[in-house]
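# Descriptive structure summary
Okay, here's what each chain looks like letter by letter:
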Amino acid sequence: MIIHEQEITWANQKLILTNKKAIYWKAQETLILSDLHLGKSAHFRRNGIPIPTQIHEKDLEVLEKLLLQYHVKKVVVVGDLIHANANGEVLDFKLFLERFSSVEFILIKGNHDRMSEKKVLDLGIKSVCSSLTLDNITFVHEPDKCAEYQISGHIHPGVTVRLPTNKHFRLPAFVVSENMLILPAFSQFTGLDTKKVLDNAVNYAITDTGIVVMR
Amino acid sequence: MSKFEQTSGYEIVSSWLNEHGRTPFTFQRQAWEKIHNGYSGMVVAPTGFGKTYSVFLGILINYMNRPDTYKKGLKLIWVTPLRSLAKDLARAMQEAIDQIGLDWVVEVRNGDTDVKIKQRQSKEMPDVLLLTPESWHLLLAQKGRDKFFENLKAVVIDEWHELLSSKRGVMVELATAYLKLKLPNLLVWGITATIGNLDEAMEVLIPYHVKKIKIVAKEKKLIDIVSVFPPEVEILPWAGHLGGKLVDEVVPIILNSKSTIVFTNTRSQSEYWYQILLDAYPDFAGQLALHHGSIDMQIRNWIEEALSEGKLRAVVSTSSLDLGVDFKPVDTVIQVGSSKGVARFMQRAGRSGHSPYEVSKIYFVPTHSLELIEVAALKEAVKTNLIEDREPLVLCYDVLVQFLVTIALGGGFRKEELFDVVQSAYSFQWITEEEWDWCISFITVGGKIGKNYEEFHKVVKNEERLYVVEKRRIAMLHRMNLGVIVSDAMVKVKFLGGGYIGMVEEYFITKLKQGDKFILAGRVLELIRIKEMTAYVRASQGKAITPSWLGGRLPLSSNLGGLLRKKLADSKNPTSREKELKFLHPLVASQVDKSHIPSENEFLVEKIKTREGYHLFMYPFEGRLVHEVMSSLMAYRISQLYPISFSMAMNDYGFELFSDKDIELSEEQLKHILRKEDLMKDVTASINAAEMAKRKFRDIAVIAGYVIQNRYGKQQNNKSLQASSGIIFQVLEEHEPNNLLLRQAYTEVFNQQLEEPRLVQAFERINSSKIIYKFAESFTPLSFPIKVDSLRQSLSSEDLGVRIQRMQEQSNRINRKRR
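Residues numbered from 1 in each chain as written. Chains lettered and ligands numbered in written order. Predicted model: local features only at pLDDT ≥ 70, side-chain atom pairs only at ≥ 80, totals over all residues.

Counting secondary structure elements, chain B contains 32 helices and 25 strands. In terms of C-alpha radius of gyration, chain B reaches 28 Å, essentially the compact-globule figure of 28 Å for 819 residues. The principal-axis extents of the C-alpha atoms in chain B amount to approximately 90 × 70 × 60 Å. Of all intrachain contacts in chain B linking residues separated by at least 6 positions in sequence, the fraction that spans at least 24 positions is 74%. (Helix = DSSP H or I, 4+ residues; strand = E, 2+ residues; numbered from the N terminus. Rg over C-alpha atoms; globule rule 2.2 N^0.38 Å. Contact = placed C-beta atoms within 7 Å.)

Rendered as C-alpha cells:
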C-alpha cells in the first residue's frame, strides 16, 4: 500500500492530501478524515444483508498505515465515525485505539453519531464536540457556507470522469474552494455524490495510483 | 357421445352455457375432459375465445363429478400477472358458480386486498383464490402455510406467456415445484396466447413426470392491418417528425370509431401524441385520456373504467395497456411507430374487436417512411403465424435465495427435501450440489462457505434441523422486499395545493432546476422545489421538456428483423398487393441510385464521406441492443488494424461508426473485421463487461436482499440500511469474486445484453452472405435515420430540426450535382 500525496496551500496552511482519503496537517501534526462509518457492514449483516467483513478490516488497515506513515499527535474525524449502534466492528475499533493510545482522537459529531457520548469516550476517543477550531481552521460535519476557513465531510463528494468513447467512471474526491474544504468519505463502503457542491471549486480526484487535479 | 359427455358435471355445465346461448369450443371440451381424466396441461387460444372457461369450468365439472374427493378449504389457485385482471376474473368466476348453483367462494388476494380480509382468509381460505406470483410467495411465507394448501386440487397460471421469460416466471416455477412435492396429485395448468416455443413453454411450467397435454385452439383471431400513408414519401426519412404530419390522418380514424386506443412505444411519445391530438382537434378535450406507467394509479384506474364503460373517445397509451381487462367498446387500435415485435403487435391488435369472430382492426402510423416496410413484414408474420419465442430464464440464483428465505419464514425447511423441490423446477434442473450449498450458506452465514459472519443470522438451523427465520425484523424486511420487480427510484409529483399528478424517475427530476418546466400527464408543470422524494409544481404554459424515461426503448425482435430484411429485398420489385412497398418506391429508387438495396443473401456496408468526416454504416437489422455490441466490436477490430477512434450510433436497422479520420478499409479488411471467428473473445475485449454486469447487478442485488428497495408510498425506516448496488458490486468483486450472484450478473450480460446466441447467428448469416461494399458522397435513405438518431442524443430538439434540414438540403444538392 503506497500513499500518494498532493500538497496544497489552503487557508495559508500547508496541507497534504493523500489518496487514502485523509489529510495530514504537518504544522499541527494532525490527521484529518471523515465518514468512517464504523460498524456499517456489521449493521447490515445484523439485518440480514451479507456484506463481507474484510471491508471493515481494510478500512482500519488504511488508517493504521496513515498513523504509521506520518507523525500524528491528533486525529480529527469530522463526523460519522460510527454508522449505527455498537457492534463487533465498533469493538474492534476500541482495540485499535488501545494500540494508538498516544494519539488524541477527536470526533466532530455527525448525523450518524447517535451513540451516547459516554459510549464513544469509552471506546478511547478523547473528546466529542459539534465543532472545533485549530489555528484559523474550523472543523464541522456538514458543509456550511460561512466566512471562515472550514473543513467538513458528510456528503461523500466524488467526480465523474468522462472518456472520449462516452464511457465514464466515478471517483471520490476532495472538494476545495476558496474557504471550504470537503473531505471524501474514508470508508470504502460508502456511496458517492457527484453533483457539483461548491462554486469555483477544485476537485482532487482519488485513484489507486495518485491524485488527479480537476478544475 | 363420449363417456365424459354423459357425466352429470358435463351436462350441468353445458346446459348452463346453452341457457346463455353458448356452445363450448372444441378446445374447451377437450380441456374439460383431460382435467376429468387427471391431466395437467396447457391451453393455447387467442384472446376472447374463453380461455378462462376452458380450465375453470373443467375444475367445476370435475368437482361435480367427484364431490367426495374435494375437501373443505382452498381447492384452486389461479395466478394472473396483473392485479387488475384478478378483480374482473373473480367476478366472472363467482357469477358462473352462482348460476350453476354451487356454493364455492372466489376471492382475490394481492397488494390491493384489505388487511382484514387477508387475516380472515388466513383463518378460513375461500375455495378459489386469485393470486399474483408475488402474493403467492407471500402466502408461502406465512406461518402454517402448509395448512392452507392441504386440500388444494389445482394450480392454474393464466397468461403464462407474459410470465414465462421473466423472473416472475421463475417465482411461479418454484412455488409450483414446492406445492407439487407436498401434493403429488396436484394438477398444474397453464393458459397462454400463441408464442413461438409452445412445447418449451409447457415443459417449463410442468417439467414433472405426470400425464400432460397441450391443447391448441383451432380458432384464430382475424387481424386487419391498415397503413396510414403520409401525403408523400420522404426520400431521406427520419424518426419522429412524421407524427406531426400524420395527426390529421389519425383524427378522422378516431372520429369514425366508437372508442380507440393509440399505442405508442415510450412515455414521452405518448405525452407528445396526446398533445398533438388535442391541438389538431380541440373538441377531444374531455374525451381523450393519457395512460402510462408514470401516471397516478387512481387516475389510471379511472381511465380504464371509463374506457370499459365507453365514456372515452380515445386513450393514448404505452405498453401499460397491452395487458389487462377487456375494453369492450374499443373497436379500433392505432399503433404509432414500430411495435418492435410480432407478438406485441398482435397482442395490441387484439385489444379491439373482442368477441370471438370479430375482426381486430389495427392502423399503423409510421414515424418515418421506412417503417412502412415493417407493415409489409408484419402482415406476412401475421399470415404465417411467425411469432417470437419467449425464452425461459434459468439458474436465477437471486430468485432462489429469496425463495429459500420465504420458505424458511413460513415454517422452515429441511435442506435435502428442498433441494429436491428446487431441482425439480425447470429453471434449476442444472443446479449443482456445490451451488446449492453456496445458496444455503448465503442465507445462513452470508455467502462465503466456511467463513462465518458472527452477526449474520438471517436464516438459522434450529434443533429440529429445520432452517427457519427467527428474528422478527428480518422477517419484516423480507416480506416488504419480496418480489422480483425492481423499479427506479421514483419521485412523486404534486401540486403545491396538494393534487397528485404522477411519478417521474428521480434521476430526471434532480437534473431540473427550480423554475424549469416539464410535461407530465399531458400538463405543463413548473418545478418549485423537491423535498423528500416529492416534487412540488405549479401549472404552467409554454415550452417544456418531456422526460425521456429510461428503458422505454424496446429492441427489435429477431423474427421481425429477418422479415424486414426480406421485405426490404422485395421492395425492389413489389407485388401489386404490397401497397406499402409500392408507396416507398421513390425512396427505394434513391437508395438503389446512391448505393444498393441488399437482397436476402447480401449484407450491405456503406462508406459515406461528408463534410463532418467519414461514416461507415452497416445494416444487420438485428435491433438496437445487438447493434450496440456489434458496433463496439467493429470499432475494436478496425482499431486492431490501425489506431483510430470512433463515435457510434445505431437504430433497430443498422449502426454507424463515425470518425474525423478516413476509415481506410479494403474489401479484404472488411471481410476480416466481419469474420465469425474469435467472435465472443473479441466482443469481450471490446466492451466493458464489468460495467455492464454492474448494471445487471442492480436488480439482482434487490431480489437477493442486498439492497432494500425503496417502496413508493411506504414509510421508510431503513435509512441506515441503504447502500447502492454499485458499492456492493465493487465490494464483492474485490472480496468475494466467486459469489454466485455476482457470476449471475455476468451471465445475464452475456445472455440478455449481448444476446450471445443471436449475435453468433447474425455473424454466421453475415459470413454466408455476399458482402456489398458501397461508397457514397451523401447520406442514403437507409443511413439517414441512424445519423439523425445520433444527433438527437446530443442536441436539443430545436437545434435538431434546423440541423436535419441542412443535412437533407446538402444531400439533395450533391444529388443534383451528380445528375
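Having seen the structure, we can now continue with the description.
Bringing the overall build of chain A into the picture now. Summing up its helical and strand segments, chain A has four helices and 15 strands in all. Projected onto its principal axes, the C-alpha positions of chain A cover 45 × 40 × 30 Å. Considering chain A as a whole, with its 215 residues, one finds that 48% of them fall into the buried category. (Buried ≥ 20, exposed ≤ 12 C-beta atoms within 10 Å, placed from the backbone.)

Glancing now at the sheet that holds strand β19 (residues 523–531) of chain B. Sheet strands associate in pairs through backbone hydrogen bonding, adopting either a parallel or an antiparallel arrangement. Residues and elements named next belong to chain B. On the basis of which strands lie adjacent, the open sheet formed by five strands has the order β17-β16-β20-β19-β18 and mixed pairing. Looking at strand neighbours, the two that pair on one side only are β17 (500–505) and β18 (517–520), the edges of this open sheet. Mean inter-strand twist for the sheet, computed between neighbouring axes without regard to direction, equals 45°. Examined bridge by bridge, strand β16 (residues 490–495) and β17 share five bridges and lie antiparallel to one another. Looking at the pairing, K492 lines up with M503 of β17. (Pairing = 2+ DSSP bridges. Axes fitted to C-alpha atoms, helices over the stretch in contact; angles between N-to-C directions.)

Facing the 23 residues of chain A at the interface are 22 residues of chain B. Mapped by element, the contributors of at least two residues to the side of chain A that touches chain B are α1 (40–46) and α2 (54–69) of chain A. The greatest single-element share of the side of chain A that touches chain B, amounting to five residues, is contributed by α1 of chain A. Its residues placed into classes, the side of chain A that touches chain B shows 10 nonpolar, 10 polar and three charged. (Nonpolar A, V, L, I, M, F, W, Y, C, P; charged D, E, K, R; others polar.)

Right, let's talk about the sheet that holds strand β3 (residues 23–25) of chain A for a bit. All names here are of chain A. Pairing in this open sheet of seven strands is mixed, and the strands run β1-β2-β3-β4-β5-β6-β7 from one edge to the other. Edge positions in the sheet fall to β1 (5–10) and β7 (127–129), since each has one partner strand and no second. Along the sheet, successive strands turn relative to each other by an average axial angle of 25°, direction set aside. As paired elements, strand β6 (residues 104–108) and β7 share three bridges and run parallel to each other. Following the sheet pairing, L107 is matched in β7 by V128.

The predicted coordinates should not be examined in detail at positions where pLDDT is low. Residue and element names in this part refer to chain B. The predicted model of chain B has a mean per-residue pLDDT of 87, with 92% of residues at 70 or higher. When pLDDT is averaged over each helix and strand of chain B, the minimum, 61, is found for helix α32 (residues 797–818) and the maximum, 98, for strand β5 (residues 154–157). Counted against residues more than four places away or in other chains, residues 794–798, with its pLDDT under 50, gives two contacts. As scored by the predictor, the complex reaches a pTM of 0.85 and an ipTM of 0.80. (pLDDT = per-residue confidence, 0-100.)

All names here are of chain B. Between helix α27 (residues 689–704) and helix α29 (residues 740–753), the least distance of the axes is 8 Å, while the angle of their chain directions is 120°. Of the two elements, α27 crosses α29, and the hand of that crossing is right-handed. On the side of α27, the interface is formed by A689, M692, A693, K696, F697, I700 and A704, while α29 contributes L741, Q744, A745, Y746, E748, V749 and Q753. Classifying every residue of the contact of α27 with α29 by side-chain character gives 10 nonpolar, two polar and two charged. (Left-handed = near helix turned anticlockwise from the far one by under 90°.)

With respect to the helices and strands, K72 of chain B occurs in the loop between α3 (51–65) and β2 (76–79). The spacing of K72 of chain B and E150 of chain B is 78 residues in sequence and 9.3 Å in space, taken between C-alpha atoms.

With that out of the way, let us pick up unusual backbone geometry. Of note in this structure, A11 of chain A is not a glycine but carries a positive phi near 55°. In this fold, A11 of chain A is placed in the loop between β1 and β2 (13–18). A residue is classified by how many C-beta atoms lie within 10 Å of it, and A11 of chain A, with 20 of them, is buried. We note that R465 of chain B has phi near 65°; this positive angle belongs to a residue other than glycine.

Turning our eyes to something else, we now look at helix α28 (residues 725–735) of chain B. Considered for burial, the residues of α28 of chain B that qualify are S725, I728, F729, V731 and L732 of chain B. In an axial view of α28 of chain B, the angular spread of the buried residues amounts to 165°, which keeps them on one side of the axis. The inward-facing, buried residues of α28 of chain B contact α2 of chain A together with α27 and α29 of chain B. (Arc of directions from axis to C-beta.)

Note that soluble globular proteins tend to have their nonpolar side chains buried in a common cluster. Judged by nonpolar contacts, the single largest core of 213 residues is most densely connected at V156 and L400 of chain B. Once residues lying within four places of it in the same chain are set aside, the contact partners of V156 of chain B are V55, L76, W78, V79, W189 and I191 of chain B. Ranked by size, the runner-up nonpolar core spans 51 residues in total, among them V90, M115, V120 and A201 of chain A. (Core = buried A, V, L, I, M, F, W, Y, C linked by C-beta atoms within 7 Å.)

Residues and elements named next belong to chain B. The end-to-end C-alpha separation of α27 is 21 Å, in line with the 22 Å expected for 16 residues at 1.5 Å each. Helix geometry: α27 is bent most strongly at F697, by close to 35°. For α27, the full list of buried residues reads A693, K694, K696, F697, I700, A701, V702, I703 and A704. Here the buried face of α27 lies against α9 (167–182), α16 (397–409), α28 and α29. A positive backbone phi angle near 95° is found at G705, which sits one or two residues after α27. (Expected span 1.5 Å × (residues − 1). Bend = angle between axes of the 7 residues up to and from the residue.)

All names here are of chain B. Residue alternation in strand β11 (residues 314–317) divides its side chains into two sets, A314 and V316 and V315 and S317, and both sets are buried. One ladder, built from four bridges, connects strand β9 (residues 260–263) with β11; its direction is parallel. Its bridge partner lying in β11, I261 is registered against V315. Across four bridges, the pairing between strand β10 (residues 288–291) and β11 is parallel.

Side-chain alternation along β18 of chain B places F518 and L520 of chain B on a buried face and K517 and I519 of chain B on a face that remains uncovered. Connecting the antiparallel pair β18 of chain B and β19 of chain B is a turn made up of two residues, with A521 of chain B showing a positive phi of about 50°.

Helix-helix packing: each pair is described by the crossing angle between the helix axes and the interaxial distance. Residues and elements named next belong to chain B. Interhelical geometry of helix α24 (residues 624–641) versus helix α26 (residues 679–686) gives an angle of 90° and a closest axis separation of 9 Å. Judged by the angle between their axes, α24 and α26 are roughly perpendicular. Each of V629, S632, L633, A635, Y636 and R637 in α24 lies in contact with α26, whose residues at this interface are D682, V683, A685 and S686. Split into classes, the residues belonging to the contact of α24 with α26 amount to six nonpolar, two polar and two charged. (Parallel < 35°, antiparallel > 145°, perpendicular 65-115°, else oblique.)

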